[in-house]
Every structure is written in C-alpha cells, then in structure tokens.
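Take a look at the letters that make up each chain.
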Amino acid sequence: MTDPVPKLSTPWALTQVAGSAGERFDVWDGRTVATPWPAAYGGDLSVGALAAAVRSAAEGQLPHSMQIAFLRPGDRDRPLSYVVERVRDGFRYANRSVRLLQDGTEIAAAAVLLRAPRPGEAPTADLSARDGLPDPDSLPTAAEAIATRGPLSPDVDDPAQLDAYWSGGRALDTRHIDPPLYGETVPPRATNRVWVRFTGDAPAQLALLATPEGRIALVAYIADDTILEPAAAALGHGWLAPGMFSTTVQQSLWFHADFDPADWLLFSQRLVSATGDHVVCQGDLVTRDGALVATVVQEGIVRVRR
C-alpha cells in the first residue's frame, strides 16, 4: 500500500511563505511524519533544515556539514516554519542559519555550510567497510529479530506500535551486526554496528533520491535513527527497558561522499563519553566498497527512569 505521507520526501517538501532572491531572510513552511511517540523525529527536522538551506543557496552548492541543536520537543502533528538567514555567500562556500519554529516558539536551530565541489574532485577516505563483517542479506531483518527476542516482563508497555515502526514504519531496512536493542536487555557494550538501506519507493522519494541533495538528506534521515544505541547498550538496556528515556540534544554531520541510495550502508557507532545521563556518540556511514559517506557526532540524554 502506498504511504500517504512518505518518509524523507515529506519533510523535504517545503512551501515558501516569505523572502526572495537578494533578501537576507527566507521563511518556509513544512511538516514532519508521524512517529510512535508524541515528539517529531529529529531526522525529519534535520531534513527540513537542509531543504531550507539548499533552497536559499546558489545552484551547485551542496551541504558539506550541519550542526543542529534540538532545543525543545517538536510536535509531530503540527506544521513548523523554517527561518533561513543568508549569513554569507562566497564563490564556492555559503553559510546558512536555520531556525525551526512551531507556533512562534523555536524548537531547533541549525548552522549549515554549503560548498560547490570542484570539477573532478573525489574523497579519499577508505575504511574497508566489509572486512570480516557478515553480508547484510545474511542478517535478520528487524521483524525477524523482534520475533525472536523472547518474552517481556510484565512492566513493559505494549510494544506493538514500536515493533511496527521498527519493522517497517521508518522506511529503513536495518540489520544489526551486534545484538539489536528491540527488547529489554542486551549484553553490555559501547559499540554498535548496523547495515541500513532506505526502502521507500514512492515517486516523490525516488525523485528526491535522484538528486545529490536528496541523497545528503537521506544521510541526515538515517543518522538520527540508531546513533544513541551504543549509549543504551553500554548500560545493558534495550529500548523496551521499563523507564527507558532518550533524546537528542545536539547533532553534527559531515557529508563526505555520494553513494547509491538503493545499496546498503554500514553505520558503525561508538560511545565516546558518558557523564551521568549525558552522552556523546560518534558514527561513520560507509559504503560496502569502503567509501566514507558521512561522519556523525551526537549529544544526547540516555537513562532509565526509576
């Protein structure tokens, strides 16, 4: 069945309500996609911020990096506005500040650096992603992993909505190399490795992924999905642990190389630091051939409420 509100392309599809070429500020209206929890998905907000920045930049300038601070929870069911400031326009580089507002209240703020690639340039990082790792098609799907997680304790809330979201509601096929966090507990570890690919095939999604800026948006969409898992796993907890709470405080993204959006990416993550419940995780997104696509650093809060 066709998704009436397709992932990725929905937060990218903004409507301009103020501003024009030559003005310092633009304003765009957009929306996010429903989640099993009341707050908007951070990856949707990142995609929208990138879309607003790209629309204000010169042709050929693409996002090279973004830092986004999540200031307040966004309501998944209400529209939001993106206020873009043209901070600087250079020959190859441009800087954009993007404020995300709902009902006049700022919920996130992003700084986006865009650049026009030089003809013939290519990234040089090679992480040899597949060395010694299982092929993604040999690993259980999310639905298969959920089906074999075993019984849950009576303290766990009904996981049906989360299970459906993990199994197919994200438009992501995620295959864990390390034990997945779909239950209450995992063997403690401070790293996490998943193969992931996008499964959306709506016309708007395919049209967006045919563009370099759309593939950059896909990286931002993926980057917020599992990046805090090393922090939860370090505590020995899965996402269904009673009282589990996690949220993103700030995220930094660097976009290094283009990739085939129909193929798998390896998302290797590690817990860098934990101070109380404040955590920092880092991850690399790498193609099966070893090309480094993106680097992610995310600050968040991960704890079990007693």
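Residues numbered from 1 in each chain as written. Predicted model: local features only at pLDDT ≥ 70, side-chain atom pairs only at ≥ 80, totals over all residues. Heavy atoms only, no water.

Asker: Help me understand the side chain of Glu-184, please; the structure alone is not making it clear to me.
Answerer: Looking at the element boundaries, Glu-184 is found in the loop between β7 (172-176) and β8 (191-198). Arg-149 provides the closest opposite charge to the buried, unpaired Glu-184, separated from it by 8.0 Å. Residues in contact with Glu-184, not counting those within four places in the same chain, are Pro-151, Leu-152, Ser-153, Val-156, Gly-236, His-237, Gly-238, Leu-240, Ala-241 and Pro-242. (Helix = DSSP H or I, 4+ residues; strand = E, 2+ residues; numbered from the N terminus. Buried < 20%, exposed > 50% of the residue type's maximum accessible area, 1.4 Å probe, protein only. Lys, Arg positive; Asp, Glu negative; His and termini not counted. Salt bridge = Lys/Arg side-chain N within 4 Å of Asp/Glu carboxyl O. Contact = heavy atoms within 4.5 Å.)

Asker: What exactly am I supposed to notice about the nonpolar core here?
Answerer: Proteins that are soluble and globular tend to have nonpolar side chains buried together. The biggest cluster of nonpolar side chains holds 77 residues, and the ones touching the most others in it are Leu-8, Val-98, Leu-100 and Leu-285. With near-sequence residues (within four places) excluded, Leu-8 lies in contact with Val-47, Phe-198, Leu-208, Leu-209, Ala-217, Leu-218 and Tyr-221. Core analysis: the next-biggest nonpolar cluster, separate from the first, contains six residues, Leu-133, Leu-139, Trp-195 and Leu-266 among them. (Core = buried A, V, L, I, M, F, W, Y, C linked by side-chain atoms within 4.5 Å.)

Asker: Can you help me understand unusual backbone geometry in this one?
Answerer: Excluding glycine, a negative phi dihedral is what most residues carry, and trans is how most peptide bonds are arranged. At Leu-8, a residue that is not glycine, the phi angle is positive and equals roughly 70°. Inspection of the secondary structure assignment puts Leu-8 in the segment before α1 (9-12). At Asp-103, a position not held by glycine, the phi torsion is positive, near 55°. For Asp-103, the position within the fold is in the loop between β5 (93-102) and β6 (105-115). Overall, the relative accessible area of 65% leaves Asp-103 in the exposed class.

Asker: Would you mind going over the sheet that holds strand β9 (residues 244-255) with me for this structure?
Answerer: As a general point, the strands of a sheet are linked pairwise by backbone hydrogen bonds and lie either parallel or antiparallel. One open sheet accounts for 12 strands, arranged β1-β2-β4-β5-β6-β3-β9-β12-β11-β10-β8-β7; its pairing is antiparallel. The strands lining the two open edges of the sheet, one partner per strand, are β1 (15-18) and β7. Each strand of the sheet is rotated relative to its neighbour by a mean of 25°, with strand direction disregarded. Examined bridge by bridge, strand β4 (residues 80-89) and β5 share eight bridges and lie antiparallel to one another. Its bridge partner being in β5, Asp-89 is matched across the sheet by Ala-94. (Pairing = 2+ DSSP bridges. Axes fitted to C-alpha atoms, helices over the stretch in contact; angles between N-to-C directions.)

Asker: Is there a simple way to explain the pairing of strand β10 (residues 265-275) in this structure?
Answerer: Successive side chains on a regular strand alternate, one facing one side of the sheet and the next facing the other. Sheet topology places β8 next to β10; six bridges connect them, and they run antiparallel. The residue of β10 that forms the bridge with Thr-191 is Arg-270. In the sheet, β10 pairs with strand β11 (residues 278-287) via 10 bridges, with the strands oriented antiparallel. Each bridged residue has a counterpart across the sheet, and for Ser-273 the counterpart in β11 is Val-280.

Asker: I'm lost on the pairing of β7 in this one. Help?
Answerer: Burial runs high along β7: five of the five residues are buried. The two faces of β7 match: Leu-172, Thr-174 and His-176 on one face and Asp-173 and Arg-175 on the other face are all buried. Of the pairings in the sheet, the one linking β7 to β8 comprises five bridges and is antiparallel in character. Bridged to His-176 within β8 is Val-194.

Asker: What's the story with the packing of aromatic side chains in this structure? I'm lost.
Answerer: Each aromatic ring pair is summarised here by two numbers: the centre-to-centre distance and the angle between the ring planes. Within the structure shown, the criterion is met by four aromatic pairs. On the basis of an interplanar angle of 85° and a centroid distance of 6.2 Å, the ring pair of Phe-198 and Tyr-221 is categorised as edge-to-face. Of the two residues, Phe-198 sits in strand β8 while Tyr-221 sits in helix α6 (residues 212-223), which places them 23 residues apart along the sequence. Each residue in the set Tyr-41, Phe-198 and Tyr-221 is aromatic and connected to the rest through ring pairs, giving one cluster. Residue placement shows Arg-305 over the ring face of Phe-245; its charged tip is 4.0 Å from the ring centre. (Phe/Tyr/Trp six-rings, centres within 6.5 Å; stacked < 30°, edge-to-face > 60°. Lys NZ or Arg CZ within 6 Å of the ring centre and 35° of its normal.)

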